[in-house]
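Structural characterization, general
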Amino acid sequence: MKQQYDKLFVTVPESAMDDPNHVGAIEDMNGYIERMGGTTHTPATCGEIAYSWTVPAHWTYRLYQRFDSFGLRASVRPDSIWYGLLSPEGVTG
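Residues numbered from 1 in each chain as written. Predicted model: local features only at pLDDT ≥ 70, side-chain atom pairs only at ≥ 80, totals over all residues. Heavy atoms only, no water.

Description of the nonpolar core
Residues L8, V10, W53 and F67 are the most contacted members of the largest nonpolar core, which totals 21 residues. Secondary-structure elements contributing two or more residues to this core are β1 (5-13), α1 (20-35), β4 (48-56) and α2 (60-69). Looking at this core, the element that brings in the most residues is α1, giving five residues. In this view, W53 contacts D6, K7, L8, F9, V10, I26, N30, I33, T39, T40, H41 and F67; residues no more than four positions away in its chain are not counted. (Core = buried A, V, L, I, M, F, W, Y, C linked by side-chain atoms within 4.5 Å. Buried < 20%, exposed > 50% of the residue type's maximum accessible area, 1.4 Å probe, protein only. Helix = DSSP H or I, 4+ residues; strand = E, 2+ residues; numbered from the N terminus. Contact = heavy atoms within 4.5 Å.)

Concerning the confidence of the model for the protein
Confidence in the prediction of the protein, expressed as mean pLDDT, is 84, and 91% of residues score 70 or more. Considering each helix and strand of the protein separately, the mean pLDDT is smallest for strand β3 (residues 44-45), with a value of 84, and largest for strand β2 (residues 39-40), with 92. (pLDDT = per-residue confidence, 0-100.)

What about the pairing of β1?
Here β1 shows a clear split, with D6, L8, V10 and V12 buried on one side and none of Y5, K7, F9, T11 and P13 buried on the other. Bridge count for β1 against β4 is nine bridges, and the pairing is antiparallel. Each residue of the ladder has a partner; that of V10, found in β4, is Y51. Sheet analysis places β1 next to strand β5 (residues 75-76), joined by two bridges and oriented antiparallel. Each bridged residue has a counterpart across the sheet, and for L8 the counterpart in β5 is V76. (Pairing = 2+ DSSP bridges.)

A few points about α1
A rise of 1.5 Å per residue sets the reference length of α1, with its 16 residues, at 22 Å; its end C-alpha atoms lie 23 Å apart and thus fit the reference within 8%. By the burial criterion, the buried members of α1 are H22, A25, I26, M29, Y32 and I33. All buried residues of α1 lie within an arc of 130° about the axis, which places them on one face of the element. Turned more than 90 degrees away from the buried face of α1 sit P20, E27 and R35, all of them exposed. (Expected span 1.5 Å × (residues − 1). Arc of directions from axis to C-beta.)

Here it is as structure tokens:
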């Protein structure tokens, strides 16, 4: 059976990089996602930092909740099987 993957995104202002809690949360999530079989991607910057991860689809909701526990709002793409099932604030259109 072929593994399905989703993309998770988190966008934060560049000023958040001054917050050691934010930096620790992103580092923690990078390690956690890699242990769960996902991949981290280099963040893009343009006034905001856009983080993205490719994660196994069956872990998407659990990772979404973990981001939320850090105060980070994760989102998914419209082609995700989780699109529309996560809270409206956490879904990108």
